[in-house]
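Observations on chain architecture
Listed below are the residues making up each chain.
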Amino acid sequence: MPLISIIVPIYNTEKYLRRCLDSLVNQTFNDIEIIIVNDCSQGNCKEIIEEYKKKDNRIKYIEHSENKGTLIARKTGSIEAEGDYITYVDSDDELDINTCKELHKIVSKEDYDFIRFGTKINSQYDVEGSILRFSPENDISAGKYPFIKLLETILNHNVCGGGVKKEIVKKSIPYIPDIRLNNAEDLLQCAITLYFCKTYKILNKKLYIYNYDVGASPKVDDLEINKYKFLCETVKISLDEIYNFLCKLNIEKIYGYSFSKLCYHHYNYLNQVKDKDYKNILSDTFSKDFIEGYEAFKEISDYNGIYYNFFKSLDGKLTPYFFSIIKYCKIKVLRLFGIQILLENKKYYKEPVFIAFNNLLNNIFSIKIDKKYFVLKILFIRIAFKKKI
């Protein structure tokens, strides 16, 4: 049985198909299978696939008799997959030829449910910072509880650009609805998949090649009005289906707050538009109760953001001091020898109160911990110990 299954749903992408398939059949790691699901494409997609299938016996070909959408096409391929790990590729995108080799390096050493690798975006626009699916991640995002981190938008929701353990995919399949969804399908599939994941690894290499300009627009407010309407509707469907999934498992109350953050985050993305007609589409798509909830949530989030940034700024200024205390509102931040402790004030402080000692004592004795090192300073002598990762 192959180690890695690559699933490629195809619909009317004959113009880009050869480029995609070349990137797969030329992978430097050979123990793979390539599952192509033709979602009732027109044109000569089938002929191109048959041509590659004759040359490479690792290709499996499945054909839908009717167009069912990307979500179901991926589901069809997932059911047939035999590899220990499964990765997805859209047929107008590509994989770096070393993708499977890099994936194999990781899984041969450690066992992870989900391995996320980076995405190289090919575009004439400056879009990397504006696409929800490719929001930046770092090692802080890795580890446990990936489902909560997805709901709270710490992790991106792109299905492509990662490898998932087969057992996890097989668990998720019964919960992926058989609905025709060609937009926001990544959000739905990724949420359901990550619920079953316990471990999440980030590989900081750009191995997925996303050709963004193929049928895409750089910003939500640049979309034609009919495409914006379709985007609003599909995002709403995806969010509703995630909620239905939580209800099926009787966990909607447990994850209610985090799910609200996910909903309002995506509504906020759609709400970037300025045009009145676009605004009307958005308000028609989402209920009045939802929009009122969003406004209340946004107000709280804005307040907490100001509050958090204020504390972060003050704390940064006091970092060089051996000992400092900040008292503000009902919070007390105590920093001693580089160690920060949060306490609750009995008294409410309208204005911040600062207590700090100078840097002399910090050089006599201090402890500092960062991502890589544990640093001990005694009598002006600095000793660094590398942390075990």
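Provided above is the structure to which this section pertains.
Please read these numbers as outputs of a predicted model, since none were measured by experiment.

Remark: helix H1 (residues 14–25) packs on helix H2 (residues 45–55), axes separated minimally by 10 Å, with the N-to-C direction vectors making an angle of 20°. By the angle class used here, H1 and H2 are roughly parallel. Handedness of the crossing formed by H1 with H2: right-handed. Listed contacts from H2 to Glu14, Leu17, Arg18, Leu21, Asp22 and Val25 of H1 are Cys45, Ile48, Ile49, Glu51 and Tyr52.

Here Asn182 is to be found in the loop between helix H6 (166–172) and helix H7 (185–195). In this structure the C-alpha to C-alpha distance between Asn182 and Leu231, which are 49 residues apart in sequence, comes to 9.6 Å. Those residues in contact with Asn182, other than ones at most four positions away along the chain, are Gly69 and Thr70. Within the structure, Asn182 has its side chain in polar contact with the backbone nitrogen of Thr70 (distance 2.8 Å).

Before going further, it helps to examine the sheet that holds strand E8 (residues 200–211). Pairing in this open sheet of eight strands is mixed, and the strands run E3-E2-E1-E4-E7-E6-E8-E5 from one edge to the other. Edge positions in the sheet fall to strand E3 (59–63) and strand E5 (94–95), since each has one partner strand and no second. Pairing of strand E6 (residues 114–122) with E8, which is carried by nine bridges, proceeds in the parallel orientation. Bridging across to E8, Asn122 finds its partner in Asn211. Contacting strand E1 (4–10), strand E2 (32–38) and E3, H2 runs over the sheet at an angle of about 155° to E3. Across the sheet, helix H4 (residues 99–107) touches E1, E2, strand E4 (85–88), E5, E6, strand E7 (162–165) and E8, and the angle it forms with E8 is around 175°.

Another point: the pattern of salt bridges. In the structure shown here, the tally under the stated rule is 17 salt bridges. With a shortest N-O distance of 3.7 Å, Glu82 and Lys60 are connected by a salt bridge. Of this pair, Glu82 sits in the loop between helix H3 (70–80) and E4 while Lys60 sits in strand E3, placing them 22 residues apart in sequence. Accessibility expressed as a relative area gives 34% for Glu82, which makes it partly exposed. Under the relative-accessibility criterion, Lys60 is labelled partly exposed at 29%. Arg74 is the partner of Asp90 in a salt bridge, and the nearest nitrogen-oxygen pair spans 3.2 Å. Residue Asp90 is located in the loop between E4 and E5, and its partner Arg74 is located in helix H3; the two are separated by 16 residues in the primary sequence. Of the two residues examined, Asp90 and Arg74, each falls in the buried class.

Look at H7 against helix H8 (residues 225–248): their axes get within 9 Å of each other, and the N-to-C directions meet at 20°. Put simply, H7 runs roughly parallel to H8. Crossing of H7 over H8 shows right-handed handedness. For the pair H7 and H8, contact is made by Leu187, Leu188, Ala191, Ile192 and Tyr195 and by Ser238, Leu239, Glu241, Ile242 and Phe245, respectively. Looking at the contact of H7 with H8, its residues break down into eight nonpolar, one polar and one charged.

Analysis parameters
- Residues numbered from 1 in each chain as written.
- Predicted model: local features only at pLDDT ≥ 70, side-chain atom pairs only at ≥ 80, totals over all residues.
- Heavy atoms only, no water.
- Axes fitted to C-alpha atoms, helices over the stretch in contact; angles between N-to-C directions.
- Helix = DSSP H or I, 4+ residues; strand = E, 2+ residues; numbered from the N terminus.
- Parallel < 35°, antiparallel > 145°, perpendicular 65-115°, else oblique.
- Left-handed = near helix turned anticlockwise from the far one by under 90°.
- Contact = heavy atoms within 4.5 Å.
- Polar contact = N/O pair within 3.5 Å; in protein donor to acceptor, adjacent residues only side chain to side chain.
- Pairing = 2+ DSSP bridges.
- Salt bridge = Lys/Arg side-chain N within 4 Å of Asp/Glu carboxyl O.
- Buried < 20%, exposed > 50% of the residue type's maximum accessible area, 1.4 Å probe, protein only.
- Nonpolar A, V, L, I, M, F, W, Y, C, P; charged D, E, K, R; others polar.

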